[in-house]
Amino acid sequence: MTTMLELNDVHAYYGKIHALKGISLNVAKGEIVTLIGGNGAGKTTTLRTICALMRPTSGAAMLNGENLSNYKASQLAAKGVAMVPEGRGVFSRMTVLENLEMGAYHRNDKAGILEDIEHIYALFPRLKERRGQVSGTLSGGEQQMLAMGRAMMSRPSLLLLDEPSMGLAPVLVEAIFSTVEEINRQGTTILLVEQNALMALQIASRGYVLQTGEIVLSDSARALQRNAMVQKVYLGIE
Amino acid sequence: MTLSQRLRDIDWIDVWLWVFRVVIILGVVIGITRKLFFGAGTTYDSSDWIDFFISGLSQGGLYALIALGYTMVYGVLFMINFAHGEFFMSGAMASTYLIASTLAASGFINEQPILYLVLVTVAAVLTSMGVSLLTERIAYRPLRRAPRLVPLITAIGASFFWQYIFRGLFGSAVKAFPVPTILEGRVNVFGLDFLKVRLIVIIVSILALIGLYLFVQKTKTGKSIRAVAEDKDVAALMGIDVDRAIATTFAIGAMMAGIAAVLWGLVFKQVIFSMGFVPGIKAFTAAVLGGIGSIPGAALGGFFLGVIEAVGPPLILEGLGAPGAHQLKDVTAFLLLVLVLIFRPQGIIGERLAEKKA
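Asker: What exactly am I supposed to notice about the overall build of chain A here?
Answerer: Along its length, chain A carries nine helices and 10 strands. Its C-alpha atoms give chain A a radius of gyration of 17 Å, within 12% of the compact-globule value 18 Å for 238 residues. Expressed as lengths along the three principal axes of its C-alpha atoms, the size of chain A is roughly 45 × 40 × 35 Å. In chain A, once contacts between residues fewer than 6 apart in sequence are set aside, the share between residues at least 24 apart is 67%. The average position of the 23 basic charges and that of the 22 acidic charges among the side chains of chain A differ by 4 Å.

Asker: Where do I start with the sheet that holds strand E5 (residues 66-67) of chain A in this structure?
Answerer: What holds strands together in a sheet is hydrogen bonding between their backbones, with the strands either parallel or antiparallel. Residues and elements named next belong to chain A. Here we have four strands laid out as an open sheet, ordered E2-E1-E4-E5, and antiparallel in their pairing. Whereas interior strands pair on both sides, the edge strands pair on one side only; in this sheet they are strand E2 (17-28) and E5. Pairing of strand E1 (residues 3-14) with strand E4 (residues 58-63) involves five bridges; the strand directions are antiparallel. Bridge pairing links Glu-6 to Met-62 in E4. Relative to E1, helix H1 (residues 43-50) is tilted by about 115°, and along the sheet it contacts E1, E2 and E4.

Asker: Can you walk me through the pattern of salt bridges in this structure?
Answerer: Should the charged atoms of two oppositely charged side chains come close, the side chains can pair. One pass over the full model with this rule turns up 21 salt bridges over all chains. Notably, a salt bridge pairs A:Arg126 with A:Glu142, separated by 2.5 Å at the nearest N-O pair. Of this pair, A:Arg126 sits in helix H4 (residues 125-129) while A:Glu142 sits in helix H5 (residues 140-152), and the two are 16 residues apart along the sequence. A salt bridge links B:Arg144 to B:Asp243; the shortest N-O distance between them is 2.6 Å.

Asker: Which parts of the structure should I look at to understand unusual backbone geometry?
Answerer: Leave glycine aside and you will find that most residues have negative phi; peptide bonds, for their part, are mostly trans. Residues and elements named next belong to chain A. Even without being a glycine, Arg-155 presents a positive backbone phi close to 50°. With respect to the helices and strands, the residue Arg-155 is situated in the loop between H5 and strand E7 (158-162). Residue classification places Arg-155 among the partly exposed residues on the basis of a relative accessible area of 46%. Even without a glycine there, the phi angle at Glu-163 is positive, about 45°. Positionally, Glu-163 belongs in the loop between E7 and helix H6 (170-185). Of the residues examined, Glu-163 reaches a relative accessible area of 6% and is grouped as buried.

Asker: Please explain the interface of chain A and chain B as it appears in this structure.
Answerer: Quite often, the size of an interface is put as the accessible area lost when its parts meet. With 24 residues of chain A at the contact, the number on the chain B side is 21 residues. Here chain A packs against chain B, burying approximately 2000 Å² in sum over the two surfaces, 55% of which is carbon and sulfur. Of all residues in chain A, the largest losses of buried area upon contact with chain B belong to A:Phe91, A:Arg93 and A:Tyr105, amounting jointly to 35% of the total for that side. The interface formed by chain A and chain B includes four salt bridges. In this structure, A:Lys72 and B:Asp241 form a salt bridge, with 3.4 Å as the shortest nitrogen-oxygen distance. Across the contact surface, chain A and chain B share eight residue pairs in polar contact (both at pLDDT 80 or more). Considering every element that reaches the side of chain A that touches chain B, the biggest residue donor is helix H2 (residues 96-103) of chain A, with four residues. When grouped by side-chain class, the residues that make up the side of chain A that touches chain B number 11 nonpolar, six polar and seven charged.

Asker: Help me understand the packing of aromatic side chains, please; the structure alone is not making it clear to me.
Answerer: Between two aromatic rings, the relevant description is the distance of the centres plus the angle of the planes. The final tally for this structure, using the stated rule, is 14 aromatic pairs over all chains. Arranged with centres 6.1 Å apart and planes meeting at 40°, the rings of B:Phe166 and B:Phe170 form a pair that is tilted. Separated by four residues within a single helix, B:Phe166 and B:Phe170 lie in helix H7 (residues 149-170), roughly one turn from each other. Look at B:Trp264 and B:Phe268: their rings are 4.7 Å apart centre to centre, the planes differ by 40°, and that puts the pair in the tilted class. Pair noted here: B:Trp264 and B:Phe268 are both in helix H11 (residues 242-268), with a separation of four residues, about one helical turn. For B:Phe268, a relative accessible area of 35% corresponds to the partly exposed category. Among the aromatic side chains, those forming a connected cluster through ring pairs are B:Tyr97, B:Phe161, B:Trp162, B:Phe166 and B:Phe170. Over the face of the ring belonging to B:Trp18 we find B:Arg21, whose NZ or CZ atom lies 4.4 Å from the ring centre. Looking at B:Lys220, its charged tip hangs above the ring of A:Tyr105, at a distance of 5.1 Å from the centre.

Asker: What should I look at first to understand the packing of helix H3 (residues 46-77) of chain B against helix H4 (residues 84-105) of chain B in this one?
Answerer: Relative orientation and spacing of two packed helices are given, respectively, by the angle between their axes and the distance between those axes. All names here are of chain B. The N-to-C vectors of H3 and H4 enclose an angle of 135°; their axes lie 9 Å apart at closest approach. Viewed along their axes, H3 and H4 adopt a mutual orientation that is oblique. For H3 against H4, the interelement crossing comes out right-handed. Here Ile-66, Gly-69 and Tyr-70 of H3 come into contact with H4, specifically with His-84, Gly-85 and Phe-88.

Asker: Before we go on, may I ask you to explain the side chain of A:Thr189 in this structure?
Answerer: Residue and element names in this part refer to chain A. Relative to the assigned elements, Thr-189 resides in strand E8 (residues 189-194). Classification of Thr-189 as buried rests on a relative accessible area of 1%. Apart from residues no more than four positions distant in its own chain, Thr-189 is found in contact with Met-4, Val-27, Ala-28, Lys-29, Gly-30, Glu-31, Ser-157, Leu-158, Leu-159 and Asn-184.

Asker: Explain the domain arrangement of chain A here, please?
Answerer: All names here are of chain A. Under the domain assignment, chain A is made up of domain 1 (3-80 + 156-233) and domain 2 (94-155). Averaged C-alpha coordinates put domain 1 and domain 2 at centres separated by 23 Å. Across the boundary between the two partners, domain 1 contributes 16 residues, which contact 13 residues of domain 2. Carbon and sulfur atoms supply 79% of the area that domain 1 and domain 2 bury against each other, a total of about 1200 Å² over both sides. In this assembly, domain 1 and domain 2 are joined by zero salt bridges. Applying the counting rule to domain 1 against domain 2 returns one residue pair in polar contact (both at pLDDT 80 or more). When contributions to the side of domain 1 that touches domain 2 are tallied by element, the ones reaching two or more residues are E7 and H6. Looking at the side of domain 1 that touches domain 2, the element that brings in the most residues is H6, giving six residues. A class-by-class count of the residues in the side of domain 1 that touches domain 2 yields 11 nonpolar, four polar and one charged.

Cut-off values and rules
Residues numbered from 1 in each chain as written. Chains lettered and ligands numbered in written order. Predicted model: local features only at pLDDT ≥ 70, side-chain atom pairs only at ≥ 80, totals over all residues. Heavy atoms only, no water. Helix = DSSP H or I, 4+ residues; strand = E, 2+ residues; numbered from the N terminus. Rg over C-alpha atoms; globule rule 2.2 N^0.38 Å. Contact = heavy atoms within 4.5 Å. Lys, Arg positive; Asp, Glu negative; His and termini not counted. Charge placed at Lys NZ, Arg CZ, Asp CG, Glu CD. Pairing = 2+ DSSP bridges. Axes fitted to C-alpha atoms, helices over the stretch in contact; angles between N-to-C directions. Salt bridge = Lys/Arg side-chain N within 4 Å of Asp/Glu carboxyl O. Buried < 20%, exposed > 50% of the residue type's maximum accessible area, 1.4 Å probe, protein only. Buried area = accessible area lost by both parts, 1.4 Å probe. Polar contact = N/O pair within 3.5 Å; in protein donor to acceptor, adjacent residues only side chain to side chain. Nonpolar A, V, L, I, M, F, W, Y, C, P; charged D, E, K, R; others polar. Phe/Tyr/Trp six-rings, centres within 6.5 Å; stacked < 30°, edge-to-face > 60°. Lys NZ or Arg CZ within 6 Å of the ring centre and 35° of its normal. Parallel < 35°, antiparallel > 145°, perpendicular 65-115°, else oblique. Left-handed = near helix turned anticlockwise from the far one by under 90°. Domains from an automatic or database assignment.

Pasting the structure below:
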């Protein structure tokens, strides 16, 4: 399989705080890879570095062999990278439809955009019912669907998901994760950042465990599920 | 509970605010009653009142146009751009000195009055936009991640900078703004008697406001500005060039200021390098009145301020026996600002920004 995303010894700082201490990971085309870890482990920072919202102080994030830090964050959508940010980041004063349109901002094919909006509505029928509604009034689950639908509107080849399960009821988490699998089946490569290791390891093929800015473990998802440390710390199994 | 305990539980600031409310409401009621029913101060007939109202409305249109620049920039950057009044001044000065006075001297002004107005407006708008884009690029963009007080102080500095640049370029004298003769005098519409220029100001400002609102709501660029106003990082992830959207916001605000500059010239018939200060502060007041960050709020706040400023002094202050009430426009305007800040800090239709943006 060909490598799509590769991080090579990436270091990043928030002011004086050394947030990423040499992260190396790779995601192959067509995979679901998960990055699990607790609060403050550096999961979001890793994603922000990939999206060029933060610059690494050393090391590089490469997409199909191109160094992503040569680009501005606003150029990445056209490169096929989309992110569903932590806390969803929907434009709360814009309608559901306008949010979806913003996802297709860099595209100019009107017919294709309309077609994709219908596709998103098929994936999330709730969004169709609420298309004219201001998205700040949606429930948490609906906002998560909207954020994912909006990210899909850019027709990404790589989708970065930052804690899609955060603050959602278990039944909704299941629905969101099965949609993630569905999106992957349709050909989008996924890097999934999660605190909910149990769910994440069920749908991922491989996983990395991040602790205080370092990757301490990497293996297939199945092996990680059986790993004693992962079981104890992240799955709550004694 | 004893009386002394109850007294201790009272929040005296609330009591003071209530007293203040009662005093203001009493003042307004007494003033209006004395004016209307007991004939205090000068006597006005109904056509005088209509005149006050119309001139207030037209002044309000000018405030609204300028207020848009404050409110849009605040919407995307959470910064009060105190140099905005200078964008307005620069448009008025450059178009008067470079275009209007030449066209007036050659007689073109009365041969082709409409073309004259178009050319002057284009010059004013281009100057205002150029000045605002330069200010944004040189003075504000490098400070995007600085604490909020820093760009605020920079804005005050930029304001002085532009005032003295234009004073250096064109001198410190008052210069006449040439008005085509066809626009002099009055016109009767729907049985109401308007000064022609006042009518033009009202119509043009309403059209410009509607146009701007549609632009922001419906066009892709307008939507990108709204997205940047909500969340710059997420907007960037959508592929929106955030710096460009911010520059566009400045340019559009300046365009409105440029239009206001020509309308201001038509009404007051003169320009000077210091003319941006008072309209700037008034428009800022209007933006806060309406709810800063909101475009309909700025429009509403502008008209509201204009009308209150024009009708308030003769109606309320004369009724209360204030001497020279017609000179107390500015007092009325800023009193209104203080009242809004105390009793409804989010403005007429504003959201509670402090809560959201904290």
